[in-house]
Amino acid sequence: MSEFLLKPRICFGQDALSALRDVSAHQALLVTDQAMVKFGLAARVTEILGERGIALQIWDDVVADPDIATVVRGMKLMDSRYPDLVVALGGGSVIDAAKAVIFALAQTRPDAGRQRPCFVAIPTTSGTGSEVTSFSVVKAHAEKLVLVDPSLLPDIAILDPTLVASVPPSITADTGMDVLCHALEAYVSRAASDFTDALAEKVVQQVFRYLPTCWRNGQDLQAREKMHNASCMAGMAFTNASLGITHSLAHALGGVFRVPHGRANALLMAQVVAWNADYQGQCDTEAAHKYAHLARLLSLPASTAREGVTSLLVAIEALKDEMTLPAGIHGTGVDGEAFERRLAEMVGQALRDSCTPTNPRTPDAQALTELYRQAWSG
Ligand code: NAD
């Protein structure tokens, strides 16, 4: 038996934020960060909640890649004035912090007899899909841990592209490549299904069509909307199909060297596609044929699996180039000696990462070491 879980309610489009007007509550907690305050996005949310007469507590200093200390801080805050509504407004970091806080409080204070608050996720990057996933990524020291539990799923996801217009080009590129990586990994995952394949195929087409426009002109709301929807659809795919070793390697790289999540995926993705396809060998794996199918959907040459994989690899590199992303990890400022010194630690983390078991090809330490070294130079 297989399963495809559908949650939350998704409100989308240029006026989607108005869906917040339908939510009833007495006491809300807004989880957000300083960028949301600076760009006036937090004010748009507080205004709506204020009009509804909902008492509001604001936690507005969540930092990128939240760690355990951040979660503990959030738990104390939420415990002090327990809300019946939590609104997370921000990128994946903010949404994951809110998820982890709600989850941890329910685990550590089950006796409090409190009802889980209504949880509304409002993504302001088009990247993680966290608004529809049962995952939360939290850093513990230099390791990114992936919490997986259905109770982490928000109740309502609000996809309003006007909230993404302020994302600068470099973050648009990183997060957009994250979307592509989610789709590619869900598509060839051991847990892929007809349902997740349909979503992943649509996402790959939308990313190649609209991401460059978003990067060139962040104010193009039509392109922003397409990427925002693609990000969410990719989340729907991978929360059901899980991911693969691009993510395992990226989590470890981001945990040890603080490379932004989407960028880490962008720099590892092509190497993993080639490895999953057995590109240096027969190039006849199931993954190779699925990649070739994606190339066909993109109207790229793919008369054989090898030609299709080649086309997809060229297209990924061209997309990175167009958005001036570095070719390899060496271009991110990570020190070469430190990279070699901490390689075994990263490989160990990647091997035990919860995304590894669903990768179509089972890696060992040697394979992961080689993939990191290839991605170093790009
Ligand atoms: P992010 O949330 O870390 O945000 C990156 C930067 O963009 C931050 O400085 C933020 O303030 C800024 N920003 C966000 N929205 C903005 C806007 N509208 N205008 C201007 N600046 C804005 O980046 P992300 O890629 O969205 O999230 C990454 C985190 O999510 C990582 O920790 C990653 O591991 C995790 N993640 C979670 C899931 C999941 O399913 N839960 C999936 C993938 C990744």
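If you're wondering where the values come from, they're calculated on a predicted model, not measured in any experiment.

**Side note on the environment of Ser311**
- As for its position among the elements, Ser311 is in helix α11 (residues 305-322).
- Ser311 sits in the buried class, given a relative accessible area of 12%.
- Note: C-alpha distance between Ser311 and Ser299 (12 residues apart in sequence) is 9.7 Å.
- For Ser311, the contacting residues outside a window of four places in its chain are Ala295, Leu300 and Pro301.

**Overview of the site of the ligand**
- Neighbouring residues of the ligand: 29 residues in total, closest Asp65, Ser93, Thr124, Thr125 and Thr133.
- Between Ser130 and the ligand, the recorded distance is 3.2 Å, taken from a side-chain N or O atom to a nitrogen atom.
- Taken by itself the ligand offers 870 Å² of open surface, and the protein chains cover 89% of this.
- Of the residues assigned to the shell around the ligand, the class counts are 11 nonpolar, 12 polar and 6 charged.

**Structural notes on the pattern of salt bridges**
- For the structure on display, the rule yields 15 salt bridges.
- Between Arg263 and Asp174 there is a salt bridge, with its nearest N and O atoms 2.8 Å apart. Remark: Asp174 occurs in helix α5 (residues 169-188) and Arg263 occurs in helix α9 (residues 261-277); sequence separation between them is 89 residues.
- Judged by relative accessible area, which is 7%, Asp174 ranks as buried.
- With a closest N to O distance of 3.2 Å, Glu317 and Lys320 form a salt bridge. On the criterion of helical spacing, the pair formed by Glu317 and Lys320 is a turn pair, its members being 3 residues apart in helix α11.

**What to know about the sheet that holds strand β2 (residues 27-31)**
- An order of β1-β8-β5-β4-β2-β3 is seen for the 6 strands of this open sheet, with the pairing classed as parallel. Sheet topology places β1 (9-12) and β3 (55-59) at the edges, where each strand pairs with a single neighbour. The sheet shows a mean angle of 20° between the axes of neighbouring strands, taken without regard to direction.
- Pairing of strand β5 (residues 118-123) with strand β8 (residues 156-159), which is carried by 2 bridges, proceeds in the parallel orientation. By the bridge assignment for β8, Val120 is matched with Ile156.
- Set on the sheet, helix α2 (residues 41-51) makes contact with β2, β3, β4 (85-90) and β5; between it and β4 the angle comes to about 155°.

**Some remarks on unusual backbone geometry**
- Of note, the amide linkage connecting Lys7 to Pro8 takes the cis form, showing an omega dihedral of 5°.
- Within the secondary structure layout, Pro8 lies in the segment before β1.
- In this structure, Cys283 is a non-glycine residue whose phi angle is positive, near 55°.
- Along the chain, the position of Cys283 falls in the loop between α9 and α10 (286-297).

Criteria and thresholds
- Residues numbered from 1 in each chain as written.
- Predicted model: local features only at pLDDT ≥ 70, side-chain atom pairs only at ≥ 80, totals over all residues.
- Heavy atoms only, no water.
- Helix = DSSP H or I, 4+ residues; strand = E, 2+ residues; numbered from the N terminus.
- Buried < 20%, exposed > 50% of the residue type's maximum accessible area, 1.4 Å probe, protein only.
- Contact = heavy atoms within 4.5 Å.
- Near = heavy atom within 4 Å.
- Polar contact = N/O pair within 3.5 Å; in protein donor to acceptor, adjacent residues only side chain to side chain.
- Areas by Shrake-Rupley, 256 points an atom, 1.4 Å probe, with all protein chains shown as cover.
- Nonpolar A, V, L, I, M, F, W, Y, C, P; charged D, E, K, R; others polar.
- Salt bridge = Lys/Arg side-chain N within 4 Å of Asp/Glu carboxyl O.
- Pairing = 2+ DSSP bridges.
- Axes fitted to C-alpha atoms, helices over the stretch in contact; angles between N-to-C directions.

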